[in-house]
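Chain residues, written in single-letter form:
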Amino acid sequence: MVRAVLYIFLAIFLISLLRSIIGVVGKGLAALFEPDSSGRDSTGAEPRKAGELKRDPVCGTYVSTATSVKKTVDGQVVHFCSAACSEKYKA
Ligand SMILES: [Zn+2]
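K.L.:
Even after reading the chapter, I still don't get the overall build of the protein chain, so can you show me in this structure?
P.N.:
Counting its regular elements, the protein chain contains two helices and four strands. Seen in sequence order, the protein chain has helices and strands lined up from the N terminus as α-β-β-β-β-α. Taken over 91 residues, the protein chain has a buried fraction of 8%. Put simply, 19% of the contacts in the protein chain that link residues at least 6 apart link residues at least 24 apart.

The following block contains the structure:
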């Protein structure tokens, strides 16, 4: 009987703990996204998180500089969609 009461208390404690953690995380996320949702996103063509878009010279695909395969050719950084395209550019 005492054990059951203890378990209930533990459950209530854990739930309130989880709620406060979720609340803090939620507030943190809201603060993070607040500058982006201030209405300036209509002017910027490129999304900040995804990086700049560059054209893959091999297949013509537009790739994000954040995720592209980079290679420096004649002092210029060229962006590719994949290592395969990067290899083709060499040949
Ligand atoms: Zn490509």
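K.L.:
Help me out: how do you make sense of the confidence of the model for the protein chain in this one?
P.N.:
In regions of low pLDDT, the predicted coordinates are not meant to be interpreted in detail. Considering every residue of the protein chain, the mean pLDDT works out to 85; 82% of them sit at 70 or more. Looking at the elements of the protein chain, mean pLDDT is at its lowest for helix H1 (residues 2-33), recorded as 90, and at its highest for strand E2 (residues 62-64), recorded as 95.

K.L.:
Sorry, what's going on with unusual backbone geometry here?
P.N.:
Keep in mind that most residues, glycine aside, have a negative phi and that most peptide bonds are trans. If you check the backbone angles, Asp-74 has positive phi at about 50 degrees while not being a glycine. Counting through the fold element by element, Asp-74 comes out in the loop between strand E3 (69-73) and strand E4 (76-80). The exposed category is assigned to Asp-74, around which 5 C-beta atoms lie within 10 Å.

K.L.:
What is the right way to look at H1 in this model?
P.N.:
Since the α-helix turns once every 3.6 residues, residues separated by three or four places project in the same direction. Helix length check: H1 (32 residues) gives 46 Å between terminal C-alpha atoms against 46 Å at 1.5 Å per residue, within 8%. Here H1 lies mainly on the outside; zero of its 32 residues are buried.

K.L.:
Please explain the pairing of E3 as it appears in this structure.
P.N.:
A regular strand places its side chains so that they alternate between the two faces of the sheet. The element E3 is barely covered by neighbouring structure, given that only zero of its five residues are classed as buried. Across five bridges, E3 lies against E4 in antiparallel orientation. Along E4, the bridge assignment pairs Val-73 with Gln-76. From the end of E3 to the start of E4, which pair antiparallel, there are two residues, and Asp-74 there has a positive phi angle of about 50 degrees.

K.L.:
Quick question: what am I supposed to make of the environment of Val-58 here?
P.N.:
Relative to the helices and strands, Val-58 resides in the loop between strand E1 (53-55) and E2. Classification of Val-58 as partly exposed rests on a count of 18 C-beta atoms within 10 Å. Taking the C-alpha atoms as reference points, Val-58 and Cys-85, separated by 27 residues in sequence, lie 5.9 Å from one another. Ignoring sequence-local partners within four residues, the contact set of Val-58 consists of Phe-80, Cys-85, Lys-88 and Tyr-89.

What counts, and at which threshold
Residues numbered from 1 in each chain as written. Predicted model: local features only at pLDDT ≥ 70, side-chain atom pairs only at ≥ 80, totals over all residues. Helix = DSSP H or I, 4+ residues; strand = E, 2+ residues; numbered from the N terminus. Buried ≥ 20, exposed ≤ 12 C-beta atoms within 10 Å, placed from the backbone. Contact = placed C-beta atoms within 7 Å. pLDDT = per-residue confidence, 0-100. Expected span 1.5 Å × (residues − 1). Pairing = 2+ DSSP bridges.

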